[in-house]
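Here is what each chain is made of, one letter per residue.
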Amino acid sequence: GDSVTQMEGPVTLSEEAFLTINCTYTATGYPSLFWYVQYPGEGLQLLLKATKADDKGSNKGFEATYRKETTSFHLEKGSVQVSDSAVYFCALRYNQGGKLIFGQGTELSVKP
Amino acid sequence: GAVVSQHPSRVICKSGTSVKIECRSLDFQATTMFWYRQFPKQSLMLMATSNEGSKATYEQGVEKDKFLINHASLTLSTLTVTSAHPEDSSFYICSAPGQFGGPLHFGNGTRLTVT
């Protein structure tokens, strides 16, 4: 079945460091891919998305490229801030308005 | 601002009682809503899909009689945890597709603690 796998956390970085959170997926079709962020005690917020191969999603300095050949959607940011500390979820979805399948989440902790 | 409102944000109840969680779409109609459960340090697991005007669709392994879902209107879905036990303690999150099948919007979640 379809699934999403993320790198295990927690990931601890110093402020201004480069961030990569790996995400790979297994899918029978051609899903849209998403990154969601969850700040402590809150629900999920959409961070960015890509709907087809080679699309790049970007928002707030974060980027991820839909790589069909490697079935990956790695999240990157050139310079993280303390305020980026949160749990990041990679997810896939087939249909507009359909259910999301999530990875296990990766906790990011950024130290000053 | 939030487009999906979930209430309450936190609830503590005694074992054996029932708890109702509400999920409302603000300023848009949602014929479908999704209920997720999140265990500590783990991902979100889809529990069920709530359908306005018809029965909810439950994922495999989710007890229908324990987690009652009612999609009362085009803007409201409720999840009732019946006869709650400590193992039901968890973070429950609802979501709804935006207008015209747009991205899913999530509520802020409900932290349920059963003592």
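Here we summarise the structure given alongside this text. Keep in mind the model is a prediction, meaning the values are calculated, not measured.

### Things to note about the interface of chain B and chain A
Point 1. Tallying the contact residues gives 20 residues for chain B and 19 residues for chain A.
Point 2. Summing the contributions of chain B and of chain A, the shared interface buries around 1,400 Å²; its carbon and sulfur component is 56%.
Point 3. It is Ser43(B), Leu104(B) and Phe106(B) in chain B that bury the most area against chain A; as a group they hold 30% of the surface buried on that side.
Point 4. One can count 1 salt bridge joining chain B with chain A.
Point 5. Lys99(A) serves as the salt-bridge partner of Glu59(B), at 3.6 Å between the closest nitrogen and oxygen.
Point 6. Here chain B is connected to chain A by 4 residue pairs in polar contact (both at pLDDT 80 or more).

### Some words on the sheet that holds strand β8 (residues 76–81) of chain B
All names here are of chain B.
Point 1. The 4 strands lie next to each other as β1-β3-β8-β7, forming an open sheet whose pairing is antiparallel. Only two strands of the sheet have a single neighbouring strand rather than two, namely β1 (4–7) and β7 (67–73). The average angle at which neighbouring strand axes cross in this sheet is 15°, direction not considered.
Point 2. Bridge count for β1 against strand β3 (residues 19–25) is 4 bridges, and the pairing is antiparallel. From the neighbouring strand, glutamine 6 faces β3, where its bridge partner is cysteine 23.

### Quick look at the pattern of salt bridges
Point 1. Summed over the entire model, instances satisfying the criterion amount to 6 salt bridges over all chains.
Point 2. Here Lys52(A) and Asp55(A) are joined by a salt bridge, their closest N and O atoms 3.3 Å apart.

Rules used throughout
- Residues numbered from 1 in each chain as written.
- Chains lettered and ligands numbered in written order.
- Predicted model: local features only at pLDDT ≥ 70, side-chain atom pairs only at ≥ 80, totals over all residues.
- Heavy atoms only, no water.
- Contact = heavy atoms within 4.5 Å.
- Buried area = accessible area lost by both parts, 1.4 Å probe.
- Salt bridge = Lys/Arg side-chain N within 4 Å of Asp/Glu carboxyl O.
- Polar contact = N/O pair within 3.5 Å; in protein donor to acceptor, adjacent residues only side chain to side chain.
- Pairing = 2+ DSSP bridges.
- Helix = DSSP H or I, 4+ residues; strand = E, 2+ residues; numbered from the N terminus.
- Axes fitted to C-alpha atoms, helices over the stretch in contact; angles between N-to-C directions.

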